[in-house]
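Here are the chains, one letter per residue:
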Amino acid sequence: MKAIRRFTVRPVLPEPLRPLSDLARNLRWSWHAGTRDLFRSVDPERWAAAGDPVRLLGSVAAERLTELADDRDFLDRLDTAAADLDAYMTGDRWYQEQTDRLPAAVAYFSPEFGITAALPQYSGGLGILAGDHLKAASDLGVPLIGVGLLYRHGYFRQSLSRDGWQQEHYPVLDPNELPLDQLEEPDGTPAQVTLALPGDRSLRARIWLAQVGRIPLLLLDSDVEENGLGERGVTDRLYGGGSEHRLLQEMLLGIGGVRAVRTYCALTGHAAPEVFHTNEGHAGFLGLERIAELRADGLDFDAALEAVRAGTVFTTHTPVPAGIDRFDRELVARHFGPHAELPHIEVDRVLKLGTESYPGGEPGLFNMAVMGLRLAQRANGVSLLHGNVSREMFAGLWPGFDPEEVPITSVTNGVHAPTWVAPEVFRLGARQIGAQRTEEALSVGDSDRWDSVADIADRDIWELRRSLRELLVLEVRERLRASWRQRGAGTAELGWIDGVLDPDVLTIGFARRVPSYKRLTLMLRDRDRLTDLLLHPERPVQIVVAGKAHPADDGGKRLIQELVRFADDPRVRHRIVFLPDYGMAMAQKLYPGCDIWLNNPLRPLEACGTSGMKAALNGCLNLSVLDGWWDEWFQPDFGWAIPTADGAGTDPDRRDAIEAAALYDLLEQRITPCFYGRGQGGLPDRWIEMVRRTLSLLGPKVLAGRMVREYVERLYVPAAHAHRAMDADAARALAKWKARVRAAWHGVAVDHVETSVTAATAELGSTLALRVRVGLGGLKPEDVEVQAVSGRVDGEDRITGATSVPLKPVGAPDAEGRWVYEGPLALDRTGPFGYTVRILPSHRLLASGAELGLVAVPSEDVVEAAGLLMR
């Protein structure tokens, strides 16, 4: 029989065990080994099945709880864990030790958060990155408030049909059974936010709170009785539904998220955020809500826009325009304005923020990333290479500027080591430098602590690697057996699984989402050659593969099926496996157990690719295309780079063939001989040294602690200072100044350039005297900066590696209103050298000279008369 109503019955803990509830409801347990060990000791079997303290405590028999309440040893351990959590939550950490005027709080918005498998609100790298950002911020003491949505079905669960086709399942998640608490008003009623919809409808959402260490994570849930059926389903699935469904999700995340933050701060006394950080464009509407708040306080739209921009940080994660959310302008228009949301902001102003107003843009679409960039004074990509790609991709928003001057910087992603480092690796570090110093090395990180890896004995490293490989073999067999049962196999058919994988064989891991650019099946390009590698009599390899295709991506599903069918072949199925339902729980076993982490995307389409970082922290070596973070930090000392054939004249099929051949060559000629070769002591000395260098050299770099420190120092602190400087009067003044500059810019021009040297050659170290006449179109010298830009030139006379120096006005304007600027230009580089002159807007509250996208450069006539190049 089916129940007509569902309840969650919470356990009543005996008084001595009450601290267990606080420990269970703070997600720090998900990365704190001591707390997990405590819960494991409550009931090892139930813990293994639940993996979640809330579920564990809800299923433990009352007799066991009574027994534990009388167990002095357990109570002592409980007191220690509770005291440790209290010290972690209240004590000073890295952030509190800084001397700069740091933000009182930062609101961090993301459509997904991967905190723990017990809270399945993530689909892939973006969510895992967001979860690691929150956890690292907690460890560092950064006062973040996380904001997201609570999806009742989360992301889908994956299984395989008998013929290897991906199948999706959407289990319903009951928030009352998750490690969440409902935010309540003082009278005990649920706190809610409300959005206005067309047709006098409303979208209401409750606010759930997940405590991530020191960080509150607010999750909005539209499945409330006051909503209509359609509105209740807005937060049903992560990345599900059509365009309007996605638009409503993103309006709820951005607009509703700001309202949830305001409600939370009012109810708890938490400091109001000075900085708002949007992780990808999905939450971009948060800027509109903040403009509306300021409009209500008396600012006009332009002044409110400046105030909002000053304190906003935007992070882009996609390296391709197709990865950006874009909506039909009419759909967006219908949801804003007098009869819908934000009625006091003109619809045209909303639409203008998302317009693709650059060559090649589509005027009928509303671009969320474009809006995010226009609403943020500071923006970044997620690796050095991705920063370059992003500047190229969005250069149209800053016409007249070279891509390298586009105001998008980069902060390379990192991973939260306490989450991803295997307990066995942690224990080895603790033996070497102590548990406390190991925790600090993993959370804050510095090279001194990581240098101690050099003192670990070779045999200890090798035995650790083998034990991790053995644990992975057992995990794979268990998961493979469960997968085959789901595919319809009987127990009698599955005896062969006991021989799958070998703890002494070189193990390669490949696990990620399955869009086509990540090339899941590149390894299958030459199946005979791959088979020879798998079955080599002396130097075999084995491969563990996992990954999900988007439910609507049949192309990705076909790639999975192709790989599964190869892995089903009885000749090789003991050497290559595909594990369905890739998620955090599987990943935490997979990364440590692999010897090689394989990554072969189409360069430069991998924004960062943090899975290889997690593997590296466990002593796994990377074998990857030079893309994302690997392009930035690769060294032959600790991994291998797959050569790329990314020339413009290479067709995709030929490119795959060339790069697959390079992959096989590396495995055959360099990697397997290194793994199986033995030195005088019977150990693979060269391999162990590469593991050691991976840990000592890459370890401090790939940490989320390093990443969050960079965000604080390079983005949050400047944004907070800009926010404080942008009071109402300053915002009004800046908005008026920008309007005046834009209106006058058509009259700004470089009229004449002359120099003290007219010859075609000059000596290194000499100095030119530049004299420039400019028209300012009614602007004043304090409104602009006239610059000399110089550097080496290429064959088409384009300046590369440019440096700029300001020129100074001399005297008053002439009779025609023209100003003369002068200044020296040092010739500090040999070879072909060139310079030009340009005029940029200048104001103390601008973050960059490129901010307005306005620049004036010499006309062709002026260029020809100036003799700009010297060779």
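Not measured: the values here are computed from a predicted model. (Residues numbered from 1 in each chain as written. Predicted model: local features only at pLDDT ≥ 70, side-chain atom pairs only at ≥ 80, totals over all residues. Heavy atoms only, no water.)

A count of helical and extended segments in the protein gives 30 helices and 28 strands. Considering only C-alpha atoms, the protein reaches an extent of 95 × 70 × 50 Å along its principal axes. Here the protein holds 871 residues, and 57% of them are scored as buried. In the protein, 73% of the contacts between residues at least 6 apart in sequence involve partners at least 24 apart. (Helix = DSSP H or I, 4+ residues; strand = E, 2+ residues; numbered from the N terminus. Buried < 20%, exposed > 50% of the residue type's maximum accessible area, 1.4 Å probe, protein only. Contact = heavy atoms within 4.5 Å.)

Right, let's talk about the sheet that holds strand β19 (residues 621-625) for a bit. The six strands are arranged β17-β16-β15-β18-β19-β20 in an open sheet whose pairing can be described as parallel. Single-partner strands in this sheet number two, and they are β17 (576-579) and β20 (639-642). In this sheet, neighbouring strand axes are inclined to one another by 20° on average, regardless of whether the strands run parallel or antiparallel. Both strand β18 (residues 596-599) and β19 contribute to a ladder of four bridges, which runs parallel. (Pairing = 2+ DSSP bridges. Axes fitted to C-alpha atoms, helices over the stretch in contact; angles between N-to-C directions.)

Let us look at the pattern of salt bridges. Per the counting criterion, the structure on display carries 63 salt bridges. In this structure, Arg28 and Asp84 form a salt bridge, with 2.7 Å as the shortest nitrogen-oxygen distance. Here Asp84 lies in helix α6 (residues 72-90) and Arg28 lies in the loop between α1 (19-25) and α2 (33-42), a separation of 56 residues in the sequence. Look at Arg28 and you get buried, because its relative accessible area is 6%. The salt bridge involving Asp783 is made with Arg740; its shortest N-O contact spans 3.0 Å. You can see Asp783 sitting in the loop between β22 (767-776) and β23 (784-793) and its partner Arg740 sitting in helix α29 (residues 728-744), a full 43 residues away along the chain. (Salt bridge = Lys/Arg side-chain N within 4 Å of Asp/Glu carboxyl O.)

The next thing to look at is the side chain of His282. In this fold, His282 is placed in the loop between β9 (275-279) and α10 (286-296). Its relative accessible area of 12% is what places His282 among the buried residues. Among residues more than four places away in sequence, those in contact with His282 are Pro111, Leu126, Tyr239, Arg246, Glu250, Leu253, Asp325 and Met368.

The next subject is helix α21 (residues 527-534). Buried within α21 are the following residues: Leu530, Thr531, Leu533 and Leu534. Buried residues of α21, seen end-on, are gathered within an arc of 160° and therefore sit on one face of the element. In α21, the exposed positions angled more than 90 degrees off the buried face are occupied by Asp528 and Asp532. The elements touched by buried residues of α21 are β16 (541-546), α22 (554-567), β17 and α26 (652-676). (Arc of directions from axis to C-beta.)

As a further point, take the sheet that holds strand β21 (residues 748-755). If you trace the four strands from one edge of the open sheet to the other, you get β21-β22-β26-β25, paired in antiparallel fashion. The sheet is open, and its two edges are formed by β21 and β25 (808-810), each paired on a single side. Along the sheet, successive strands turn relative to each other by an average axial angle of 35°, direction set aside. Judged from the nine bridges that link them, β22 and strand β26 (residues 818-826) form a sheet pairing that is antiparallel. Residue pairing for β26: Arg771 is matched across the bridge by Glu822.

This paragraph deals with the nonpolar core. Counting residues in each nonpolar core, the largest one holds 107 residues, and the members touching the most others are Met523, Ile596, Leu623, Trp640, Ile671 and Trp687. At ten residues, α26 tops the list of elements feeding residues into this core. Beyond its immediate stretch of four places on either side in the chain, Ile596 contacts Leu506, Thr507, Ile508, Gly509, Cys620, Leu621, Leu623, Trp640, Ile671 and Trp687. Formed by 98 residues, the second largest nonpolar core is a distinct cluster that contains Tyr151, Val193, Leu253 and Ala260. (Core = buried A, V, L, I, M, F, W, Y, C linked by side-chain atoms within 4.5 Å.)

Before going further, it helps to examine the side chain of Glu606. Relative to the elements of secondary structure, Glu606 occurs in the loop between β18 and α24 (611-616). Assessed through its relative accessible area of 6%, Glu606 is described here as buried. Side chain to side chain, Glu606 and Lys518 meet in a polar contact 2.6 Å long. Glu606 has contacts with Pro319, Arg512, Tyr517, Lys518, Asn599, Pro601, Asp627 and Gly628, leaving out every residue within four places of it along the chain. (Polar contact = N/O pair within 3.5 Å; in protein donor to acceptor, adjacent residues only side chain to side chain.)

So, about the environment of Leu695. Note that Leu695 resides in helix α27 (residues 685-698). For the pair Leu695 and Lys736, spaced 41 residues apart in sequence, the C-alpha to C-alpha distance is 54 Å. Apart from the residues lying within four places of it in its own chain, the contact partners of Leu695 are Trp450, Val453, Ala616, Leu617, Asn618, Gly619 and Pro700.

Applying the stated criterion across every chain, the model contains 21 aromatic pairs. Ring centres 6.0 Å apart and planes at 85° place the aromatic pair Trp484 and Trp496 in the edge-to-face group. Here Trp484, found in helix α20 (residues 458-486), pairs with Trp496, found in the loop between α20 and β15 (506-511); they are twelve residues apart in sequence, far enough to count as distant. Trp496 shares its class with Trp484; the two are buried. Three or more aromatic residues joined by ring pairs make a cluster, and in this case those are Trp462, Trp640, Phe675, Tyr676 and Trp687. Looking at Arg28, its charged tip hangs above the ring of Tyr88, at a distance of 4.2 Å from the centre. Taking NZ or CZ as reference, Arg469 lies 5.5 Å from the ring centre of Trp462, over its face. (Phe/Tyr/Trp six-rings, centres within 6.5 Å; stacked < 30°, edge-to-face > 60°. Lys NZ or Arg CZ within 6 Å of the ring centre and 35° of its normal.)

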